[in-house]
Amino acid sequence: MTNLPPETRTDPDDETLPCGRLLSQVWADWEEGVHDDHTTQCAHCRLAVADLERLESQVRALDSDPAQQPVDAASFIDRVMDVVRLELRPGRPLPLGETDEDLRIMENVAARALRRAAEEVPGVRAGSCRLGGTPVDVDLSVHVPLTTPDVQALAQQIRDRVDVTAHERLGLHLGEINVRITDLVSEDEAAPRSAQEGSAP
Amino acid sequence: MTGNPPPGEPPDVEGGRSDDTLMTERAAEGDEDAFAVLVRRHAPSLLRLATRLLGDRTEAEDAVQEAFVGAWRSLPEFQGRSSFGTWMYRIVTNRCLNILRARRPQAPLNELPDLPAPAYTTAPDRITEGRAALHDVQEALSTLSPEQRICWTLRTLDGRSYAFIAKTVGISEQAVRARVFRARRQLTHSLGAWQ
Amino acid sequence: MSASADTMHSELAHVVREVPGVAFLAPGLRSRLRALRATSPLARPGDDTPGITVSAPSGDTRTTVEIRLICRSDRRTLDTTRAVREAVSRHLATGYPGREFRIIVTVTGVT
């Protein structure tokens, strides 16, 4: 009886089998793979376990029935994203070129381009990218490979890529570029690059 | 009697934990493409979860869709204390719990679930070796209380630990164990009686 | 919307679409709702002109024209927006002589 979780002894709905054992304990022992001399020999306990085993194997058999499985996840995902696209959060407009030019780019659009720029450095994956101020400061979070020999040098490479993209591809004047390394990632932790399939080139 | 190996914790619902974190940060900042990646990655397992919990594919799709849209709205406040996958699992489970609760008034009085299950030892018949019909199982499941059904499904079909279920549903582990036990007693009885 | 404002919209939409580096005008809620009803070929972004707003803020003698657009990634975004501003400005100067305009160009996407 030592393995009995205390709560099952106090369940008012519990039931004592003719052999004296509590049904809840017999089932809990089975679930946790606990055996003793009694349970291997007692007909009542064995019957109780057999019933539960049959129940579980039957519901699992039904559960893996292909008719029960999701078939068309693709159209479901499209539907979710259609609703999401009605509630976009583009962020604030940032000045392109000179501030008095009345030319602007939405924060999200710029952030996306700058994340992509950071990811041009091999092994780097970008997460949060916050932009603000005049000129625009960048706060960028990245995951870099665990095997990076010189993290400072890598951070500088990222800053350079971000700076070049801001000037040459967008035309956005940047202030400070802060790169924060939030994780060092080993190969098997990282997801395949195809995870990026949703973003535009 | 060799006893089943206990169902262990299944592999985490997300793939690529590192990438999930990054996509969640991006989506929180309004990057809908990153959110689309998360939806694509998590929709299949969440749909399977909701279908198990509700027993109805259409209702499951509605529940998961609303859960995703709600997640998109509250992502800016999501502090990342848990992973996106765990967070969504919790949202979907609780939404399903509410849907099951709302269903209850339609259940016939004699199926009102929280009555104690009939005594196991006096069940007229044992479950036979034959495979129970889907209909029988679904009918048996509908006699469970929403809380019992959720706890039992997460434990038996989704293979979650009692501690995980307790955290997901927001009740004590002891309460989860009690609910799973009562569900099992009710189900072995119902299915046995129908053979 | 008056007939002339309507005309100005479609003229400007045409002018903007001709600028190199412009992918399309920002789709409005109408297009996005249409897209909701599955993949109708009519649901192409830019079918309507929500990407262009013309307004006359009080206290400003100028009419404000705001262009919201999606740029192509193969051209520097700033160059595209400057070209849009020039094209729009040229068109308004010839089509609406004597009127003053403030032109705002906002990039809502790069594709």
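The rules behind these values
- Residues numbered from 1 in each chain as written.
- Chains lettered and ligands numbered in written order.
- Predicted model: local features only at pLDDT ≥ 70, side-chain atom pairs only at ≥ 80, totals over all residues.
- Helix = DSSP H or I, 4+ residues; strand = E, 2+ residues; numbered from the N terminus.
- Buried ≥ 20, exposed ≤ 12 C-beta atoms within 10 Å, placed from the backbone.
- Contact = placed C-beta atoms within 7 Å.
- Nonpolar A, V, L, I, M, F, W, Y, C, P; charged D, E, K, R; others polar.
- Pairing = 2+ DSSP bridges.
- Axes fitted to C-alpha atoms, helices over the stretch in contact; angles between N-to-C directions.

Engineer: Is there a simple way to explain the environment of V26 of chain A in this structure?
Structural biologist: Residues and elements named next belong to chain A. Structurally, V26 can be placed in helix α2 (residues 23–31). A residue is classified by how many C-beta atoms lie within 10 Å of it, and V26, with 24 of them, is buried. Spatially, the C-alpha atoms of V26 and V49 are 7.2 Å apart, while their sequence positions differ by 23 residues. Other than its neighbours up to four places away in sequence, V26 contacts L17, R21, T39, C45, A48 and V49.

Engineer: What's the story with the interface of chain A and chain C in this structure? I'm lost.
Structural biologist: Interfaces are often described in size by the accessible area the parts lose on coming together. Tallying the contact residues gives 20 residues for chain A and 21 residues for chain C. Of all the secondary-structure elements, those providing two or more residues to the side of chain A that touches chain C are β2 (103–106), α6 (107–118) and α7 (151–170) of chain A. Examining the composition of the side of chain A that touches chain C, we find that four residues originate from one element, β2 of chain A, more than from any other. In the side of chain A that touches chain C, the residues fall into 12 nonpolar, two polar and six charged.

Engineer: I'm lost on the pairing of strand β3 (residues 125–132) of chain A in this one. Help?
Structural biologist: Taken residue by residue, a regular strand's side chains alternate between the two faces of the sheet. All names here are of chain A. For β3, the tally of buried residues reaches six of eight residues, placing the bulk of the element in the interior. In the sheet, β3 pairs with strand β4 (residues 136–145) via six bridges, with the strands oriented antiparallel. In the sheet register, C129 faces β4, and the bridge partner there is L140. Hairpin connection of β3 to β4: three residues between the antiparallel strands, including G133 at a positive phi of 90°.

Engineer: Looking at this structure, how should I read helix α6 (residues 146–156) of chain B?
Structural biologist: Along an α-helix, a turn takes 3.6 residues, which lines up residues three or four apart on a common side. Among the 11 residues in α6 of chain B, 10 count as buried, and that is most of the element. Of all the positions in α6 of chain B, only E147, Q148, R149, I150, C151, W152, T153, L154, R155 and T156 of chain B are classed as buried.

Engineer: Got a minute to help me understand unusual backbone geometry in this structure?
Structural biologist: Glycine aside, negative phi is the norm for most residues, and most peptide bonds take the trans geometry. All names here are of chain A. Here T134 and P135 are connected by a cis peptide whose omega angle stands at -10°. Counting through the fold element by element, P135 comes out in the loop between β3 and β4. Backbone geometry at D102 places phi at a positive 60°, although glycine is not the residue there.

Engineer: How do you make sense of the sheet that holds β3 of chain A when you look at a structure like this?
Structural biologist: Within a sheet, adjacent strands bond to each other through the backbone by hydrogen bonds, running parallel or antiparallel. Residue and element names in this part refer to chain A. Taking strand neighbours across the sheet as the criterion, the three strands line up as β3-β4-β5 in an open arrangement whose pairing is mixed. Of all the strands in the sheet, just β3 and β5 (174–185) have a single pairing partner and so form its edges. Strand after strand, the sheet turns through a mean of 15° between neighbouring axes, direction not considered. Here α7 sits on the sheet and contacts β4 and β5; the angle it forms with β5, its principal contact strand, is near 135°.

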